Every structure is written in C-alpha cells, then in structure tokens.
Amino acid sequence: GALSAVHSLGKAHLEFSGYDGWWSSAAGARKFDNDYFIGMVGKGWKPEKSVGGNAAKNQWTRSDPGASLTSLGKEMMLNSDLCLLYTEDTVGTQLAAANTAVC
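Criteria and cut-off values
Along each chain, residue indices are assigned from 1 in the same order as the chain's sequence is written. Owing to the predicted nature of the model, reporting of local features is limited to residues with pLDDT of at least 70; listing and counting of side-chain atom pairs is limited to 80 or more, with chain, interface and lining totals taken over all residues. Side-chain numbers here rest on the full set of heavy atoms in the structure, without hydrogens or water. Only DSSP runs of H or I reaching four residues or more are called helices, and only runs of E reaching two or more are called strands; each is numbered from the N terminus. Each residue is placed in one exposure class: buried if its accessible area under a 1.4 Å probe, protein chains only, is under 20% of its type's maximum, exposed if it is over 50%, and partly exposed if it falls in between. Pairs of residues are marked as contacts when any of their non-hydrogen atoms sit within 4.5 Å. Surface exposure here means Shrake-Rupley accessible area, sampled with a 1.4 Å probe, where a residue is shielded only by the protein chains that are shown. Throughout this description, the term salt bridge denotes a Lys or Arg side-chain nitrogen within 4 Å of a carboxyl oxygen of Asp or Glu.

### Observations regarding the overall build of the protein
Move 1: Tallying secondary structure elements over the protein gives 3 helices and 5 strands in all.
Move 2: Reading the protein from its N terminus to its C terminus gives the helix and strand order β-α-β-α-β-β-β-α.
Move 3: In the protein, which comprises 103 residues, the share counted as buried stands at 40%.
Move 4: Restricting to contacts in the protein with at least 6 residues of sequence separation, those with at least 24 account for 47%.
Move 5: For the protein, the computed accessible surface area is about 5,700 Å², with 58% contributed by carbon and sulfur atoms.

### Quick word on the pattern of salt bridges
Move 1: On inspection of all chains with the given rule, the structure shows 5 salt bridges.
Move 2: The salt bridge partner of Glu 48 is Lys 74, with a shortest N-O separation of 3.0 Å. Separated by 26 residues along the polypeptide, Glu 48 in strand S3 (residues 45-48) and Lys 74 in the loop between strand S4 (59-62) and strand S5 (76-77) bring together distant segments of the chain.
Move 3: Through salt bridges with shared partners, a single network forms among Lys 43, Arg 62, Asp 64 and Glu 75.

All we've got here are geometric facts, nothing functional implied.
Here it is in structure tokens:
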C-alpha cells in the first residue's frame, strides 16, 4: 500500500522500465494525493499487451468514457497496482494483463 502510493507521482517511461504512461492524469501527477487509488476503483481498465513491442511487458490502460490521451495523457496501471484491489476476474482467472480481457 504505502510504496504503491508513490505511483500518484510521475510516470513510467518506455525507455527506462519498458512500461508507458501515467498512474494518474498527467496534470495530477505532480501532486501527492489519493488520485491513484481513486482511479484504481473508479476508472475502467483494459489490457495493453506487448507494450512498445516487448511481449514480456503488459500493462493496463484506461477503457472508460472519461479516458482522454489529449487532455489527461496515457493513464496506465500494472498488474501489481490492480492486484491491490482485484485478485481474480469474474471466472476465477488470476488477474494479469497478459491473460485477462478487462478489469
């Protein structure tokens, strides 16, 4: 929990981590607040497989109507983020962007 809260700041950079996007909106990424946790619950997420062409890198991107690349930037979560809230999908499959359709 506590270490994950740091994801409310900054973003993942493809060239450094192999992942790409903001954990909160780009505008909110400079504020240490609870937007990261609110987004985990209040936003829809879909898997993005093979991030940057790397089959070993899978992440979650926003799938709800409020998602906006132009105004909010690319928002994303990792399996380790969403597993704080969800552990399985509706049929009991372990939650992972590599093998789950939607969260």
